[in-house]
Structure formats: C-alpha cells, structure tokens
Amino acid sequence: MLGEPSLPMALSWGSGPVSNMTVVDKVLPDMLHLVDAHWYQFPPMNPLWHSILGFAIFVLGCVSVIGNGCVVSIFTGTKSLRTPSNMLVINLAFSDFLMMFTMAPPMVMSCYHETWVFGPMMCQVYAMLGSLFGCVSIWSMTMIAFDRYNVIVKGLSATPMTFNNALLKIAFIWANSLIWTLAPMFGWNRYVPEGNMTACGTDYLSQDIVSTSYIMVYSLFVYWLPLLMIIYSYTFILKAVADHEKNMREQAKKMNVASLRSSDAAKQSAEIRLAKVALVTISLWFLAWTPYLVINYTGIFKAAPISPLATIWGSLFAKANAVYNPIVYGISHPKYRAALYKKYPSLACSTDSVSDDQSVASGATVASDNNNA
C-alpha cells in the first residue's frame, strides 16, 4: 500500500524491531558515561541473542567450575600427582576455575536483563578479573612449555624443577598479570561495557594515545610474547623428538631388532605424548583469545565496523577457554582418569588403571618428577 514503509516492523536475525531505539537504551543511567558513542548507531539486539549467550555462558560456567574443580582437587589430593611441575597445571586449572566462577553468574544475570546491571564499579572489577585470569592462563601455559623444553630438549643435563622454583614461577605469573590488568583502573586505558552491553572489557574504541598504547603494549606482553616463546619451545621440542625417533629407528635397524624401547625409552615416549597434549591445550587457548584480540585491533585501527553482535563471539570464545583444559585432561591423562574414577566415579572417563610411566598430563613433567623423587 502506498505510504507504508518499505521495511516492515519485524525482527531481524541480528537486531530487534526496526525503530529509533538503540542498543544503549536499556543501559542504566550510572553506566552511560562509560558507553562509547560508537554503540549509539546500532539498534537493540534481538532478545534471542541474549538468551543464547546467557544459556551458553551458564553451560560453560557449570562445566568449567566442575571440571577445573576436579582437576585441582585430584592433583592436590593425589600424592603421586603432587609434584613441582604439576603445580603449574594446578595453577592453570585454578585460574580457569576462577575465570568462570567469577565471570559466568554476572553475565548470565545481565543477559537476562539485556544490559549490565551491577553498576560501574563492578564493571571495572568484572573486566579486570576476566583479563587477570586470562593473563594467568597464558603465562602458566608458557611456563609449562618451557618445562617441556627443559625436559625433552635438554634431557639429563636439565636442572630438575623444585617446589621453590615452581612457587617462584607461579608468583611471577600472578604479579605480572596483576600489573597489566590493574593498569586500566589507574588511568592507562579503562574498562567499559562491551557492545552487547552485558559484559565489560578494555576500551578499544577511544583513539587517544593512552588507550591505544595500552592495547598495543598489553597485547605484546600478554599475547605475542608468550606466543613467540611457546613457538620457540615447541620448535626445539619437535626437532628433538624427531631426532630421537630417527636415532631409535637407525639403531634398531643396525641391530636387526624391531624396537629398542626400554623403560627409559617408554618414559621418553610418554614425554612425547605429553608434549602433544600440552600443544593441543595451548593451541586451544590461542583459538579462544584470538577473536578478542582481533576485535581490539579492529577497534583501535578502525579496520572495520564493529557491531554489538560481533562482540558476543569475542566474549564467548574467550570464556570457553576455561572449559578446554579439564576435557583435555580427561581424554589424554590415564593416571588422572584413574584418580578421577576413584574419587568421583560418576565423572570418570575410564575405569582403566595405569602405571606411573604411562601417565600423560598437560604440562606435567614425568622425567623431572622422577629426578625430584
């Protein structure tokens, strides 16, 4: 009919009804000063997206809290797993546990109300804690990679990790992470509501030098530097593994035997499997946090328009990282599975019992553990 608008008032997949309303309309008055003008151009998100995000975070939160809680409980409660190297694993699981224990409930509540409902101060605390636990996770994995490098590449010449060494590394991880994540609360950048208005994070839309410099320096020391260190470690680990396997095959061929694998070789094989598991875990971490990095870089470089819907994926992928590790442990760590079955039979992946030299942990050091025994 003549005079009717060409676009009907209908729900689109990514937004609410076509109207003059914006995604900021439900934001509480005391939060408005933190909202960047960029978000005022977008219509409200379809409520379905808030429901999907809230449900996903609820499920991820439950899995992460239960899974990582089991990892911490079993590694601290099982004598054979309480080793210096496994303290890094415990630290990683503890950080992942705290990530979803603190992140999931506020976000689920905010998704229900379709906006952040806990005020400016809690927005700052929420964003700082999310950044802190993410930073602790990546540096824990970096230390795990160097532990693998120390054992597999250096071999018998490596200095075994002691409990004091492990505690010093853990103290460094937390101190380093606190420095970077407290900075926005003291004026170097700031924590603000994200585009979906149900969570908070770093301000990547302000173009002043204070805000952009923080994003660049933070990403350098919390993303790129750990990534390069891990690549360095695993490059030499894979080279050492390949050389070892080649020498084993050549020696077996000369002696006209099928295999030279003794008990020590079996331990080396366990180390190789362990390194593969740790590499998978670390790869999943970068898969989880790279979308959030891309969103931050897109914001400071104005490379492309950022929609509220796009910020959902950054939040979801980043928080999903806290779920990966207990699943990896359950699939790949026979000794952990045996302890899990003994302590929590309903959660166990397998009832198989295994010997100590068959155990493969994400980041646990079998060889150095034996040296410390």
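Each chain carries its own residue numbering, running from 1 in the direction its sequence is written. Only residues with pLDDT of at least 70 get local features here, since the model is predicted, and only at 80 or more are side-chain atom pairs given and counted; chain-wide, interface and lining totals rely on the full set of residues. As a rule here, side-chain values come from all non-hydrogen atoms in the structure, and water together with hydrogens is ignored.

## Thoughts on the pattern of salt bridges
As a reminder of what qualifies: By convention in these notes, a salt bridge is any Lys or Arg side-chain nitrogen within 4 Å of a carboxyl oxygen on Asp or Glu. Helix and strand labels come from DSSP, where a helix needs a run of H or I of at least four residues and a strand needs a run of E of at least two; each type is numbered from the N terminus. For the exposure calls, accessible area comes from a 1.4 Å probe over protein chains only, and a residue counts as buried if that area is under 20% of its type's maximum, exposed if over 50%, partly exposed in between.
The tally for this structure, following the rule as stated, stands at two salt bridges. Of the charged contacts, one joins Glu114 and Lys26 as a salt bridge, the two residues approaching to 2.8 Å between their closest N and O atoms. With a gap of 88 residues between them, Glu114 in the loop between α2 (86-113) and α3 (119-152) and Lys26 in the segment before α1 (47-77) connect regions that are remote in the sequence. Residue Glu114 is classed as partly exposed on the basis of its relative accessible area of 21%. For Lys26, a relative accessible area of 46% gives the class partly exposed. Among the salt bridges present, the one from Asp203 reaches Arg190, with a minimum N-O distance of 3.0 Å. With Asp203 in the loop between β2 (200-202) and α5 (209-255) and Arg190 in the loop between α4 (163-182) and β1 (191-193), this pair connects stretches of sequence that are 13 residues apart. The exposure class of Arg190 is partly exposed, given its relative accessible area of 27%.

## Section: the environment of Gly130
Using the following cut-off: Contact criterion: two residues are considered in contact whenever any of their non-hydrogen atoms come within 4.5 Å of each other.
With respect to the helices and strands, Gly130 occurs in helix α3. Taking the C-alpha atoms as reference points, Gly130 and Thr102, 28 residues apart in sequence, are found 8.1 Å from one another. If we ignore the near neighbours within four places in the chain, the residues touching Gly130 are Met99, Met103 and Trp289.

## Focus on the packing of α3 against α5
Selection criterion: Under this scheme, a helix contributes an axis fitted over its contacting stretch, all axes are lines through C-alpha atoms, and angles between N-to-C directions fall in the 0 to 180 degree range. By the definition adopted for this analysis, an angle is roughly parallel if under 35 degrees, roughly antiparallel if over 145, roughly perpendicular if from 65 to 115, and oblique otherwise. Each helix crossing is assigned a hand: it is left-handed if the near helix lies turned anticlockwise from the far helix by less than a right angle, otherwise right-handed if that turn is clockwise. Charged means Asp, Glu, Lys or Arg here, nonpolar means Ala, Val, Leu, Ile, Met, Phe, Trp, Tyr, Cys or Pro, and polar covers whatever is left, Gly included.
For the pair α3 and α5, the least separation of the axes is 9 Å and the interaxial angle reads 25 degrees. The angle between α3 and α5 places the two elements in the roughly parallel class. For the pair α3 and α5, the sense of crossing is left-handed. Looking at the contact of α3 with α5 residue by residue, the classes come out as 21 nonpolar, three polar and one charged.

## Some words on the packing of aromatic side chains
This is how it is decided: Pairing of aromatic side chains requires ring centres within 6.5 Å, counting the rings of Phe and Tyr and the six-membered ring of Trp. Pairs whose planes differ by under 30 degrees are stacked, by over 60 edge-to-face, and all others tilted.
Counting across every chain of the model gives 18 aromatic pairs. Seen in terms of ring centroids, Trp39 and Phe42 are 6.1 Å apart; in terms of plane orientation they differ by 45 degrees. Their pairing is tilted. Both residues of the pair, Trp39 and Phe42, count as buried. The interplanar angle of 90 degrees and the centroid separation of 6.0 Å between the aromatic rings of Trp139 and Phe172 together place this pair among those described as edge-to-face. Residue Trp139 is found in helix α3, and its partner Phe172 is found in helix α4; the two are separated by 33 residues along the sequence. Judged by its relative accessible area of 6%, Trp139 is buried.

## Overview of the UniProt feature "transmembrane region" (unreviewed entry) in the chain
Put simply, the test is: UniProt positions are given in the numbering used here, feature names are shortened, and annotations may be inferred rather than shown by experiment.
As recorded in UniProt, the feature "transmembrane region" (unreviewed entry) lies at residues 48-75, 87-105, 125-146, 166-188, 221-242 and 277-295. In residues 166-188, the share of helix is 74% and the share of strand is 0%. The end C-alpha atoms are 31 Å apart. The span residues 221-242 is 100% helix and 0% strand, and its two end C-alpha atoms sit 31 Å from each other.

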